[in-house]
Amino acid sequence: MFRSTFCNFKEKYKMKFYLLSWIIIVLLYTKQGYGQTWPKVYNHSQHHTVRSIVEDYDHGYLITGQTYQGGAPRWAWIKKTDVNGEILWEKVFGDYSFNTFFSSIIKSSDNGTILAGGSSKYDPDNLQDPLILKIDPCGNIEWCTILQSINTISGSTGIKTLELADGSLIVLLKYYGTDPSRYRISLAKLNASGIPIWIQNLAQVNPLILNEEGYDLLKVNDSSYVVSGHCFPYPNGQKPYWIHADEHGEQTWEYISYEGSGSTDISVLYPDTSIFTMSVYRESTNAKLPHIFRISHDGQLIGKYPLLGDTIAGSSAIPLVLFNDTVLFSGIQWRAIGASYDESNNEAVLFDTIGIIIKRKHLIVNDLGPECAIKTHDDKLLVAGTFVINDKFEVYLWKLNDQLEFDSAYTQLIVYDSLCPDSIISNTVDYDCNFIVNIDEIPSLNEYRSKFNAYPNPADNYFFVEKQKSNANKHYLLEIFDSLGKKMEPKSFDDQIIKIDSSTWPSGIYLLILREDDKLIDSGKIIIK
């Protein structure tokens, strides 16, 4: 009796011991698996490079870049991932016969996605023209705009796009104009449908500023912007450079750091409206070192702070994220004195507002550095970069917590792409831009200010289109597009005002484009009841 009871007791606790052991093993394995979630590596048969990332409305991530073949960016792509970096779908834009690339990606207020970059598809000289493209939440092209340039020396590019409160866009352009030695940084305003409203060339005040480049566009508020980059003020070498422009794109100040040499990249806005900018800067050593610059809202230097000191041979630093009111984040590539380029270190770094490092984490050994980073809704950091692995460009993605530890895998059920009735299919799209405009058609700010009114709005059987400035020597053409983008019969007039019969038009929203002597002057919308 006692033996039987003891055996039952022994077997009972033996099973519990096995069960407990199994649970511990599973937990240890799971913990180890979570630690190995990052980085994600996105391989491709061709050279694959990343340029920009953004968080989607469902807290998945959108990553964009390009695929190189034959030394040129033949295709641009956008990947949608879940919170763990697993690919949900991918859209590829372009064709081998021309070049396409994306430089930046942003989310629009209607949950669409706006991409800026370049395309040679419509250029007779096979040079890139600025490409601005919007896709809806389901990955379908909503509109596509090409700003054709007659620049025959070098291609021009859309660098970055910002959305304003009314849905219109400000786009930073590179080399967009007839003279790339002069018009190297420009701002263009587009309406919410991608139609150009005006263009302004910057860095035109001081004739001694040469070879300027703009790498980032920051919205200070809805009425001003800051471009950061570099220039070569004669007779000096390369200098960090900032330009401030008002809501119309008119330059209000510029600041050049004359003391050292270098370039600036990503800028972020601090709560007191001062501007922090990531820079690679040479001051007292022979190496360019990562620095953080702080500029006041009126273009005065508050301070510049080195991050790693002068004990390294060289570095690069591009991404910058304002993590909170006292802490910033960057991804930095650097190499020790005497080390070769293939011994370069890549690190994630948290630092305070005067450049004192709080925490740092090693990411990878490679001679290329992190390209972009964002702060996610749950206060995590998403970092992406392109690295040469076995003689091929590959894209890496890391997700880090506020201690710069790899984030754990999310196991809860998350519904992605809920705004789409059907599953999104990965495919290649040979885009056809519905609006192609030459630089000569885009009005300058002064030309734009003489715009038109359409009234009454909403209209019923008729409406009027009136130019605010009358000029008897000008000929006007009104182009009209229905809600499906179909072009209706244009209306020609020479007077200041024209009456349009809309009695047979179906109800809906119509796009109006006014041209003055074949130059695009303005656009607007009319609602027919």
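Refer to the structure above for everything that follows.
Quick summary incoming for the structure in this document. Since we're looking at a predicted model, the values are computed, not measured.

## Quick notes on the packing of aromatic side chains
Step number 1: A complete count under the given rule lists 15 aromatic pairs for this structure.
Step number 2: Arranged with centres 5.8 Å apart and planes meeting at 70°, the rings of phenylalanine 463 and tryptophan 505 form a pair that is edge-to-face. Of the two residues, phenylalanine 463 is situated in strand E32 (residues 462-467) and tryptophan 505 in the loop between strand E35 (497-501) and strand E36 (508-516); the sequence distance between them amounts to 42 residues.
Step number 3: According to the relative accessible area criterion, phenylalanine 463 is buried, its value standing at 0%.

## Description of the environment of glutamate 516
Step number 1: Along the chain, the position of glutamate 516 falls in strand E36.
Step number 2: Look at glutamate 516 and you get buried, because its relative accessible area is 16%.
Step number 3: Residues glutamate 516 and leucine 478, 38 residues apart in the sequence, show an inter-C-alpha distance of 9.0 Å.
Step number 4: With near-sequence residues (within four places) excluded, glutamate 516 lies in contact with Lys467, Lys474, His475, Tyr476 and Ile521.

## What about the side chain of serine 119?
Step number 1: Tracing the sequence through the fold places serine 119 in strand E7 (residues 113-119).
Step number 2: At a separation of 3.1 Å, a polar atom in the side chain of serine 119 contacts the main-chain amide nitrogen of lysine 121.

## Observations regarding the nonpolar core
Step number 1: Core analysis: the largest hydrophobic core is formed by 22 residues, its most contacted members being Leu187, Leu217 and Val227.
Step number 2: Elements with a minimum of two residues in this core: strand E10 (157-163), strand E11 (169-174), strand E12 (185-190), strand E13 (196-201), strand E14 (209-221), strand E15 (224-233), strand E16 (239-246) and helix H2 (445-448).
Step number 3: Filtering out sequence-adjacent residues up to four positions away, leucine 187 remains in contact with Ile170, Val171, Leu172, Trp198, Ile199, Gln200, Leu202, Leu217, Tyr225, Val227, Ala245 and Gly249.
Step number 4: One finds Ile114, Ile132, Trp143 and Leu147 within the second-largest nonpolar core, a separate group that totals 21 residues.

## Quick word on the pairing of strand E25 (residues 357-365)
Step number 1: Pairing between strand E24 (residues 345-352) and E25: seven bridges, direction antiparallel. Residue alanine 348 lies in a different strand from E25, and its bridge partner there is lysine 361.
Step number 2: Linking two consecutive strands that pair antiparallel, namely E24 and E25, is a turn of four residues; a positive phi of about 85° is found at glycine 355 within it.

## Section: the sheet that holds strand E26 (residues 370-375)
Step number 1: Pairing within the open sheet is antiparallel, and its four strands lie in the order E1-E28-E27-E26. Each edge of the open sheet is held by one strand with a lone partner, namely strand E1 (40-42) and E26. Adjacent strand axes in the sheet meet at a mean angle of 20°, parallel and antiparallel pairs treated alike.
Step number 2: Where E26 meets strand E27 (residues 381-389), five bridges bridge the pair, whose relative direction is antiparallel.

Cut-offs and rules
Residues numbered from 1 in each chain as written. Predicted model: local features only at pLDDT ≥ 70, side-chain atom pairs only at ≥ 80, totals over all residues. Heavy atoms only, no water. Phe/Tyr/Trp six-rings, centres within 6.5 Å; stacked < 30°, edge-to-face > 60°. Helix = DSSP H or I, 4+ residues; strand = E, 2+ residues; numbered from the N terminus. Buried < 20%, exposed > 50% of the residue type's maximum accessible area, 1.4 Å probe, protein only. Contact = heavy atoms within 4.5 Å. Polar contact = N/O pair within 3.5 Å; in protein donor to acceptor, adjacent residues only side chain to side chain. Core = buried A, V, L, I, M, F, W, Y, C linked by side-chain atoms within 4.5 Å. Pairing = 2+ DSSP bridges. Axes fitted to C-alpha atoms, helices over the stretch in contact; angles between N-to-C directions.

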